[in-house]
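Fold and geometry: a report
The residues making up each chain are set out below.
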Amino acid sequence: MNKKSFGNQLLAAPHVVWSVIFIVVPLFIMLYFAFTNADGGFTLENVKQIGLYKKAFGISILYAAIATVITLLLAYPMAYFMTKVNISSQRMLMMIVMIPMWMNFLIRTYSWITILANTGLINTFLGKLGIEPLKLINTPGAVILGMVYDFIPYMILPIYSVMSKIDKSLLEASEDLGSNAFNKFRRVILPLSRPGIISGITMVFVPSVSTFYISQKLGGNKTMLVGDVIEYFFNAGPDYYNVASAISMVLMVMILVCMVIMNRFSDDDSEGVII
Amino acid sequence: MQKEENIVQLKNISVAFDDQVILDDLSLDIKDKEFITFLGPSGCGKTTTLRLIAGFLEPDEGDVLFEGKKINGVPAYKRQVNTIFQRYALFPHLNVYENIAFGLRIKKWPENEIKAKVEEMLKLVNLTGLEKRHIDTLSGGQQQRVAIARAIANHPKVLLLDEPLAALDLKLRKDMQKELKKIQQQLGITFVFVTHDQEEALTMSDRVVVMDGGKIQQVGTPQDIYNEPENAFVADFIGESNILDGKMIRDFYVEFSGQKFDCLDKGFQENEAVDVVVRPEDVDIVPVEKGMLTGIVTSVSFLGVHYEIIVDIGGFKWMIQTTDEHFVDDKVGLFIEPDAIHIMKKSEYSGLYGDYSSYSEEIDHLSDIIEEE
Ligand SMILES: Nc1ncnc2c1ncn2[C@@H]1O[C@H](COP(=O)(O)OP(=O)(O)OP(=O)(O)O)[C@@H](O)[C@H]1O
Ligand SMILES: [Mg+2]
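Some points on the confidence of the model for chain B
- Counting all residues, the mean pLDDT for chain B is 91, and 95% of those residues have values of 70 or more.
- Of the two predicted TM-score estimates for the complex, the pTM is 0.83 and the ipTM is 0.81.

With respect to unusual backbone geometry
Residue and element names in this part refer to chain B.
- Located in the positive-phi region is Asp25, a residue other than glycine, with phi close to 50°.
- Mapped onto the fold, Asp25 is located in strand E2 (residues 20-31).
- Non-glycine residue Glu163 carries a positive phi angle of around 45°.
- Tracing the sequence through the fold places Glu163 in the loop between strand E7 (158-162) and helix H5 (170-187).
- The exposure class of Glu163 is buried, given its relative accessible area of 8%.

Some points on the interface of chain A and chain B
- Counting residues at the interface gives 18 residues for chain A and 24 residues for chain B.
- In total, chain A and chain B occlude about 1900 Å² of area from one another, counting both sides; carbon and sulfur atoms represent 62% of this.
- Among the residues of chain A in contact with chain B, Asp176(A), Leu177(A) and Arg187(A) are the three that bury the most area, contributing 37% of the side total.
- Between chain A and chain B we count one salt bridge in total.
- A salt bridge links Glu172(A) to Arg51(B); the shortest N-O distance between them is 2.8 Å.
- There are four residue pairs in polar contact (both at pLDDT 80 or more) connecting chain A and chain B.
- Of all elements in the fold, only helix H8 (168-176) and helix H9 (181-192) of chain A reach the threshold of two or more residues within the side of chain A that touches chain B.

Side note on the packing of aromatic side chains
- Enumeration according to the criterion identifies 23 aromatic pairs over all chains in this entry.
- Ring geometry for Tyr53(A) against Phe233(A): centres 5.6 Å apart, planes inclined by 80°, an arrangement best described as edge-to-face. Taken together, the residues Tyr53(A) in the loop between helix H2 (45-48) and helix H3 (54-84) and Phe233(A) in helix H12 (residues 226-235) connect sequence positions 180 residues apart. Of the two residues, Tyr53(A) and Phe233(A), neither departs from the other in class, the shared state being buried.
- Relative to Phe185(A), the ring of Tyr76(A) has its centre 5.9 Å away and its plane inclined at 80°; by these criteria the two rings are edge-to-face. Here Tyr76(A) is found in helix H3, whereas its partner Phe185(A) is found in helix H9, with 109 residues between them in sequence.
- With a relative accessible area of 10%, Tyr76(A) lands in the buried category.
- Classification of Phe185(A) by relative accessible area gives partly exposed; the value is 26%.
- Here Arg150(B) stacks its cationic end above the ring of Phe91(B), 4.8 Å away from the centre of that ring.

Scoring rules and cut-offs
Residues numbered from 1 in each chain as written. Chains lettered and ligands numbered in written order. Predicted model: local features only at pLDDT ≥ 70, side-chain atom pairs only at ≥ 80, totals over all residues. Heavy atoms only, no water. pLDDT = per-residue confidence, 0-100. Helix = DSSP H or I, 4+ residues; strand = E, 2+ residues; numbered from the N terminus. Buried < 20%, exposed > 50% of the residue type's maximum accessible area, 1.4 Å probe, protein only. Contact = heavy atoms within 4.5 Å. Buried area = accessible area lost by both parts, 1.4 Å probe. Salt bridge = Lys/Arg side-chain N within 4 Å of Asp/Glu carboxyl O. Polar contact = N/O pair within 3.5 Å; in protein donor to acceptor, adjacent residues only side chain to side chain. Phe/Tyr/Trp six-rings, centres within 6.5 Å; stacked < 30°, edge-to-face > 60°. Lys NZ or Arg CZ within 6 Å of the ring centre and 35° of its normal.

In C-alpha cells:
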C-alpha cells in the first residue's frame, strides 16, 4: 500500500517539477514585479495605478459576460442535440466541434477578418445583391463574435459530457411520474446538466475576459480590453513590466473570485431554479 | 363465478428487437387489485412486458388495454401506471422529500397538500425524519422505500415493480416482502411484480406468471404452479423436481421407472407418452422390501431442516428430501402416494432437465475439496 502510493508519487514527480517551473515560479515573478518599482524596491504604486484602466476592465468583463451568455445559449441546444443522435453521428459532431480547436487561434481569428472586412465576404455578397455594405469589422459585435467562435467548444464539450452521462432510467422515471417533454427537461435534464454548464461558463468566461488578440484584430484597437493593456505594457519594454504585472495580478484575482462563486453554484445542492 | 374486472389486458403481443423475437404472441389478463408476479429466468422478457404496460415500449403486434380501453400509443406520462425501476432511478439532484413530491409537483398540487402527502408516504414506508436527506446518503433498503413512496404517492391504479428487492440482503428482502404485501392490501392497488426468485413469487403473489423465451408457460395461483406444473420447464423452474419419462396406461394409472403407479390424473390418451413429476419432499423412504422402487443412495447432504439425498434408481438419479438420516451406499425403498405424482403433457421442454446426476457430482466434488483441506 505504502509502496504503491510512493510509486504514484514518483510517477507524479515530473508533473510537479513541470508545474513548479512553469506555473508557480512565473506566478511569483509576476507578484514580485507587481509589488516592486524599477529599482527593485517595494512599492504599491503599480497597484494604485490600476484605477486608470478601469474602463478596460469594465469592457472586458462586459464583453466576456455577453460572449459567455451567447455561447451558452448556442452550446446548450447543440450539446443536447448531440446526445439525441446515434453514436456515429455523435462522434462526427464531436469531430466538427473539435477540429477548430486543433487550429491556431490566431489563424482562426484572422479568417474572420476576411469574412467581416468592409470588402470581405459578407459585404461582397451584399454588394452583389445591391445592398449597402455593413460596418461589421472593428465593432464590439465583431469582438464578441470572435470570442464566441473561439471559445464555444469549451462550452459544448463539458455540457455534452455531463448530459450524455445522465442515466436514461431517470428520464423514464420522470415520464413515469407524469412529466411531458417540457417537464422532463426542466426538472431532470437541466438540473442534472448544471455541473457541465458551470464548468462551461468558467472555461469560456476566463479566456474571454483575458483575451487580447481578438479585440485587436476584430475590434480594430478601438476597444482596449485588459488583455490588450497588459500586452501593450509588456511590449513597451522592461520599464513597464511592473505595471503590466500589477494589472495581470488584479485580473487573476478577479478570475479567481469568479471561479469561487461559480463553484459555489455547482456545490449548492438546494433544489429549484438553476442559475 | 364472481365477475372480476380486468384492469390491464395484453392481447397477442409480439415484440422483436433487431429481428430477434422477445415476446411471442403473449396474452394475459391482469385483474384489478391483484398481486401478480412475473417469474422467469434472466432475459425471458419480464422487463419488456412491464415496459409495454408502462408505455416505454410499443408492441410490434397486439394490443395493450387499460380498463378495457386500448392504450397503444398513449405516452407513458399519460398512463395511470407507476413503476418502481430495477435500479430505483431516484433523482440524484433531489432530496428524499422532493423525490417523493416529484409527481405531485407536476400535477401542480398545492404545497400544503404535497407536504401532507409526502409525510403520509414517509410514514407508510417507515422513513419519517429523512425528508432532507440526499439520495446517495441512503442505504439500499432506504432508497428502495423512497422509490416505493415516490411511485405510490401518485395513487396509480397499477404499480409495476421490476425486481425491486433484488439488491437487498436476505433479511431485508424478507422484511420488505411483507411490507410490500401489506402496502398492497392497504391501498388496494394492483401490483405487477417481477422477480426471478421463485420463493419470493410464491410467498407474495395472488397469481404467478411463469415466463420463458418470451412466452407465458403457465399462469396460476402459487399452489397451482407448484402442485400442477403445466410442463417440464415450470416443474423444473419452481422448486426441485424429479422429472421422468412415463406412459399413461389409462386414466389414473401411469408407468415410469419400470413400475406402474396409481395416480390422480386423467384426460390423456391410452398409452400416451407423458412427463411425470415427483417432488423430492413427497417421496417416502421405506425399507427395501416395502418399496415400490428400490435404489442405492449415492450422496447425502444435510441442510438443517432435512437431508437431501440422491438415490440412483436404474441409472436415474432421484432427489429426495427426508428428515431421517441415510448413508451413502445404503439400499433403500421408495414409496410414492398417488397424490405425489403429477402428470404433464410432453412439451418442447421434455427431456431437457434430466436427473440429479450432475447435482450429486457437484456435491462429491465439493466434499472432495473439503477433504483435501
Ligand atoms: N432495447 C433493446 N434492444 C435490443 N434488445 C433488447 C432491448 N431490450 C431488451 N432486449 C432483449 O430482450 C430480452 C428480454 O429482455 P428483458 O429485459 O425483458 O429480460 P428480463 O426478463 O427482464 O431479464 P432480467 O431478469 O435479466 O431483468 C433480452 O434478451 C434483452 O437482451
Ligand atoms: Mg429485467
